[in-house]
Amino acid sequence: MFVCAGCGTELPAPVARVALPVHTHYGAWEQLHPPLMEPATYAVDPLPTGPPWRLWDEVGADAAARQGVYAPVYAVSFGARNRIVIAPGDSRSMALIPEKCDGYCRGVDGRDGPNLACRGCGRAVATRMDDCGMWQTVWLEPDAVVRRPSGLPAAPPPDWDDLARPEHRVPPVELDGSWSLRWEAAVGVALAHLVAVTDNRPVTLPAGPVADLLGHGVGRYLPAGPDARSVGLAGPGIPMPRPRPDVLLVPRHPLTGTPWRPDGDEAAVVPLDSGVWAHLAHPDEAPPLLGIGALPRGVLHDDYPPPRPWYPLTPNPDAFSRTLIGLPAVRRPRLGNYRSA
């Protein structure tokens, strides 16, 4: 659990660490979003986030690179590193600071810095963010909290075996027939890594779910032509594609976020959101939907597949561009068009 560094007040409920979701900073404009984190979990963002912001022209390329930005942007964050994100429902013993609750539209966006104070001593300790276009979060400031053992029995940490569980898989289509925002962000992040690892060369995707769901994004961000690099799905619990592809689409570890790699292999890999990868690896094994109550007498039971969007899955453009500028490979000559985009 995390306690206030000033007075020791217990702030959130006890939480267990998981990997930072790849869609953390990428939502859909003018939409309200659910909580980013599952209950009783937390994640850590190693990169600077939030205010203060400094203009690129004032910062320069070298200082920006130290902040994890390798191509020109309007402004560079010089906020805290290693901020801790939890679900708002896990907040305890914190109160909003009214004069720091500005937002764009329907909520607060954290523009004024920490907006939650410890109820024990009044110290600003966290930032709630829930404006439209943002996943609902509470960010604990790393210098304002201290981590302590909760004393509760520890559950086994998430591992590669979790990817085989049906409930870990994230379907690409929501129940209302729209594309999943998590998928749109995850595909944008993955395509940025694919552009970097192939040095902006053509690629070929394996037939089936990978081509069906990622093909539109690949065609949008990568060139067509000869001498294409082959791409295949690989990871724990599934056989390695044969012949061996040039690039492997692999899951991120659910606890550490590090990409899966074959034992003793330095293959070129593109990391995917583990829930997205799990759906691609097990496309015909989606978990059943839970129902509440019983059907009325005389009504026959049938399960209809959710409607398919009429347009192809489009990667989140902000997820693509922000991920790519955070990769040193963006400075290579063949990626010059992306730096100027």
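Quick caveat, the model's predicted, so the values are computed rather than measured.

Caption draft 1: Local environment of the overall build of the chain. Assigned secondary structure in the chain consists of seven helices and 15 strands. Taken against the 2.2 N^0.38 rule, which gives 20 Å for 341 residues, the C-alpha radius of gyration of the chain at 22 Å falls within 12% of a compact globule. In terms of overall dimensions, the chain has C-alpha extents of about 70 × 65 × 40 Å along its principal axes. Going through the 341 residues of the chain one by one, you find that 46% of them count as buried. The contacts of the chain with a sequence gap of at least 6 include a subset with a gap of at least 24, amounting to 65%. Total accessible area on the chain is roughly 17900 Å²; 54% of this is exposed by carbon and sulfur atoms.

Caption draft 2: Focus on the sheet that holds strand β9 (residues 124–129). Taken in spatial order, the seven strands of this open sheet run β2-β3-β6-β10-β9-β8-β7, and their pairing is mixed. Only two strands of the sheet have a single partner each, and these edge strands are β2 (16–17) and β7 (94–96). Here β9 pairs with strand β10 (residues 137–140) via four bridges, running antiparallel. Each residue of the ladder has a partner; that of Arg128, found in β10, is Val138.

Caption draft 3: Main features of unusual backbone geometry. A cis amide bond links Pro51 with the next residue in sequence, Pro52, at an omega value of 0 degrees. With respect to the helices and strands, the residue Pro52 is situated in the loop between β3 (41–45) and β4 (53–55). A positive phi angle, close to 55 degrees, is found at Asp227, a residue other than glycine. Inspection of the secondary structure puts Asp227 in the loop between α4 (209–221) and β13 (229–233). Residue classification places Asp227 among the exposed residues on the basis of a relative accessible area of 60%.

Caption draft 4: Quick peek at the packing of helix α3 (residues 181–198) against helix α5 (residues 274–281). Axis separation between α3 and α5 bottoms out at 9 Å; the angle between their running directions is 95 degrees. In terms of orientation, α3 and α5 fall into the roughly perpendicular class. Contacts between α3 and α5 involve Arg182, Trp183 and Ala186 on the former and, on the latter, Gly275, Val276, His279 and Leu280. The class makeup of the residues in the contact of α3 with α5 is four nonpolar, two polar and one charged.

Caption draft 5: Here's a closer look at the environment of Tyr311. Structurally, the position occupied by Tyr311 is in the loop between α5 and α6 (317–325). Taking relative accessible area as the criterion, Tyr311 reaches 31% and is therefore assigned partly exposed. When the C-alpha atoms of Tyr311 and Trp179 are compared, they prove to be 9.2 Å apart, with 132 residues separating the residues in sequence.

Caption draft 6: Main features of the nonpolar core. Counting 49 residues, the largest nonpolar core has Leu194, Leu233 and Leu324 as the members making the most contacts within it. Looking at which element gives the most residues to this core, the answer is α3, with nine residues. Setting aside anything within four residues of it in sequence, one finds Leu194 in contact with Val203, Val218, Leu222, Val231, Val247 and Val270.

Caption draft 7: Looking closely at the packing of aromatic side chains. All chains considered together, the criterion is met by four aromatic pairs. Centre to centre, the rings of Phe2 and Tyr42 are 5.1 Å apart; their planes meet at 85 degrees, and the pair counts as edge-to-face. Taken together, the residues span a long stretch of sequence, with Phe2 in strand β1 (residues 2–4) and Tyr42 in strand β3 at a distance of 40 residues. Exposure class is identical for Phe2 and Tyr42. Each is buried. Each ring, one from Trp310 and one from Tyr311, has its centre 5.2 Å from the other, and the planes form 75 degrees; the classification is edge-to-face. Residue Trp310 is classed as exposed on the basis of its relative accessible area of 80%.

Caption draft 8: Structural detail: α3. Between its first and last C-alpha atoms α3 spans 26 Å; for 18 residues at 1.5 Å apiece the expected length is 26 Å, and the two agree. For α3, a buried count of 16 out of 18 residues is recorded, marking the element as mostly surrounded by other parts of the structure. The N-cap residue of α3 is Ser180: its side-chain oxygen and the backbone nitrogen of Arg182 are 3.2 Å apart. Positioned one or two residues after α3, Asp199 has a phi angle of 55 degrees, which is positive.

Caption draft 9: How the structure looks around the side chain of Asn316. For Asn316, the position within the fold is in the loop between α5 and α6. Polar contacts involving the side chain of Asn316 include one to the main-chain carbonyl oxygen of Gly27, which spans 3.3 Å. A distance of 2.9 Å separates a polar atom in the side chain of Asn316 from the backbone nitrogen of Asp318.

Caption draft 10: How the structure looks around the pairing of β10. Burial along β10 is two-sided: the face carrying Thr137 and Trp139 and the face carrying Val138 and Leu140 are both buried. Pairing analysis gives three bridges linking strand β6 (residues 83–86) to β10, with the strands arranged antiparallel. Following the sheet pairing, Val85 is matched in β10 by Trp139.

Caption draft 11: Here's a closer look at the sheet that holds strand β15 (residues 268–272). Read across the sheet, four strands follow the order β12-β13-β14-β15 without closing on themselves; strand pairing throughout is parallel. One side of each edge strand has no neighbouring strand; the edge strands of this open sheet are β12 (203–204) and β15. Across two bridges, the pairing between β12 and β13 is parallel. Across the sheet, Thr204 pairs through a bridge with Ser230, a residue of β13.

Parameters and conventions
- Residues numbered from 1 in each chain as written.
- Predicted model: local features only at pLDDT ≥ 70, side-chain atom pairs only at ≥ 80, totals over all residues.
- Heavy atoms only, no water.
- Helix = DSSP H or I, 4+ residues; strand = E, 2+ residues; numbered from the N terminus.
- Rg over C-alpha atoms; globule rule 2.2 N^0.38 Å.
- Buried < 20%, exposed > 50% of the residue type's maximum accessible area, 1.4 Å probe, protein only.
- Contact = heavy atoms within 4.5 Å.
- Areas by Shrake-Rupley, 256 points an atom, 1.4 Å probe, with all protein chains shown as cover.
- Pairing = 2+ DSSP bridges.
- Axes fitted to C-alpha atoms, helices over the stretch in contact; angles between N-to-C directions.
- Parallel < 35°, antiparallel > 145°, perpendicular 65-115°, else oblique.
- Nonpolar A, V, L, I, M, F, W, Y, C, P; charged D, E, K, R; others polar.
- Core = buried A, V, L, I, M, F, W, Y, C linked by side-chain atoms within 4.5 Å.
- Phe/Tyr/Trp six-rings, centres within 6.5 Å; stacked < 30°, edge-to-face > 60°.
- Expected span 1.5 Å × (residues − 1).
- Polar contact = N/O pair within 3.5 Å; in protein donor to acceptor, adjacent residues only side chain to side chain.

So far we have only geometry, and geometry alone does not tell us how the molecule works.
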